[in-house]
Amino acid sequence: MTATLIRRAAYVVTMDDDRRILRDADVLLRDGQVAEIGQGLEAAAEVVNGAGCVVTPGLVNTHHHLYQTLTRAVPQAQDALLFGWLQTLYPIWARFTPDHMFTSAQIGLAELALSGCTLSSDHLYLYPNGVRLEDTIAAAQEVGLRFHPTRGAMSIGKSAGGLPPDGLVEDEAATLEDMVRVIDGFHDPEPGSMCRVGVAPCSPFSVSRELMRDAALLARDKGVMMHTHLAENDEDIAYSLAQFGCRPGQYAEDLGWVGSDVWHAHCVKLDAEDIDLFARTGTGVAHCPCSNCRLGSGIAPVRAMRDVGVPVGLGVDGSASNDAGNLVAEARQAMLLQRVANGADAMSAQEALEIATRGGADILGRPECGRLRVGSRADVAIWDVSGLEAAGSWDPAALLLAGPTTVRDLFVEGRQIVRDGQLTTIDLSQVIARQNEMAQNLSAAL
Ligand SMILES: [Zn+2]
């Protein structure tokens, strides 16, 4: 039995059903769960001093391409729109090996952990040179994050009217077979699961209608979740209208891609009818504000979505289009962007934090994460607000207005994976050196 008592935190932002924020409170973690929250708790446990700190649920990242940490800030892709950006990067990604996937995933997950994330999904849709989904699962096991990898796919290459080069697309039957293999091998549906696998054809412009449909049937047969990119920018909408004769919402509905077991990344260009469809069906959205800014895609209508009950979570998206992977900074960006679009009262700091915690957990099918209440999983972030960033703050619990962008401590399933701002699980400087060497070699071979 392992137990940790976080004692006398200045604030505990619970994100429970009443959104309680407690002062001078304790949180007891035991056997992977939150065992008690209150004041003056006593227990046989390792004690962590919470003075001068804000305690929140661990943040949840709902969209990423971890492998892209190896192609941050590529000069030729720095100023391109989505399609041009992809066409620059595809040939580089085609040279990736299992080693590249493992190391780049470690980097991405480490960055997430240090910015407060305890649960991340990943969308891996490239399988060149013997790459397999488990290359990233191994990285998550080493870093210690709760992980929802999705088996992505691309099947329509350039010669068939798609965007990716033919060398990067896979045979559809083989893809479906591999989806079954990784679900059977790695998906754990139990409460407290550290790994759940999803099914994720890359996007309407890189896979066929048949693969979208068959992947949905497979996912429902296996009881796993489904994920893809949708309605990311104007080019994406134009492609849908030209190729399928309908908007992305209609396309998704026709192929079985709506429901509470589905979440779509971006959705910047959903119209009122699409938003209504998502609300009626409980279809989730992974909002990726920095990526949308970086690629000039637009401002996702998150206010309108939440007002009618569309489930929304937050994603940093791949590090080739962000290029950072700091999840708490992403939450601040989400708040700011809704204010740009809708005014200063459009989204509070607490609402943006809610999207980044319980919002994300809910769209990943993990209502036992993303909030702190008795019985929830012991995924906890501790933010030191006694330093520079929050000096002079009248409301330290409003972390996204004035607070640190890295955690002091982080617990996943009750296990401490960040202590005093350092990962306890991997030697980060070694991984960084390895990643930089790989990036240099990739760039030299261009
Ligand atoms: Zn993406």
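Residues numbered from 1 in each chain as written. Predicted model: local features only at pLDDT ≥ 70, side-chain atom pairs only at ≥ 80, totals over all residues. Heavy atoms only, no water.

Draft legend 1. Here's a closer look at the coordination of the zinc ion. Coordination of the zinc ion by the protein involves His63 (NE2), His65 (NE2), His229 (NE2) and Asp317 (OD), with metal-donor separations of 2.1 to 2.5 Å. Its four donor atoms give the zinc ion angles of 86 to 175° at the centre, a pattern that matches the irregular case. Of the residues examined, His229 reaches a relative accessible area of 7% and is grouped as buried. For Asp317, a relative accessible area of 3% gives the class buried. (Donors = N, O, S within 2.8 Å, 3.2 Å for Na, K, Ca; no water. Tetrahedral: all angles 85-135°; square planar, octahedral: opposite > 155°, others 65-115°. Buried < 20%, exposed > 50% of the residue type's maximum accessible area, 1.4 Å probe, protein only.)

Draft legend 2. Structural view of the nonpolar core. Trp85, Trp93, Leu109 and Trp257 are the most contacted members of the largest nonpolar core, which has 120 residues in total. In contact with Trp85, not counting residues within four places along its chain, are Gln68, Ala77, Ala80, Trp93, Arg294, Leu295, Ala320 and Ser321. In this structure, Val12, Val27, Ala378 and Phe411 belong to the second largest nonpolar core, which totals 17 residues. (Core = buried A, V, L, I, M, F, W, Y, C linked by side-chain atoms within 4.5 Å. Contact = heavy atoms within 4.5 Å.)

Draft legend 3. Region of interest: the side chain of Ser203. Checked against the element boundaries, Ser203 lands in the loop between β9 (198–201) and α5 (209–222). Overall, Ser203 belongs to the buried group, its relative accessible area being 0%. (Helix = DSSP H or I, 4+ residues; strand = E, 2+ residues; numbered from the N terminus.)

Draft legend 4. Quick look at empty space enclosed by the protein. Going through the model one piece at a time under the given rule, you end up with two cavities of 30 Å³ or more. In this structure, the largest cavity occupies an estimated 140 Å³ of space. Every residue lining the largest cavity is counted, 18 residues in all, and those nearest its centre are Leu82, Trp85, Leu86, Tyr125 and His229. It is helix α1 (residues 82–93) that provides the largest number of residues to the lining of the largest cavity, a total of four residues. Partitioned by chemical class, the residues of the lining of the largest cavity number nine nonpolar, seven polar and two charged. Considering only enclosed or pocket space, the second largest cavity measures out at about 30 Å³ in volume. Residue lining of the second largest cavity: Pro204, His229, Leu230, Ala231, Asp236, Ser240, Pro248 and Tyr251, and that is the complete set. Only β10 (226–230), α6 (234–244) and α7 (248–254) provide two or more residues apiece to the lining of the second largest cavity. (1 Å grid on protein atoms, 1.4 Å probe; cavity = no way out; pocket = protein on both sides within 12 Å on 5 of 7 lines; lining within 4 Å. Points joined across faces, edges and corners; volume = space filled by probe spheres on them. Nonpolar A, V, L, I, M, F, W, Y, C, P; charged D, E, K, R; others polar.)

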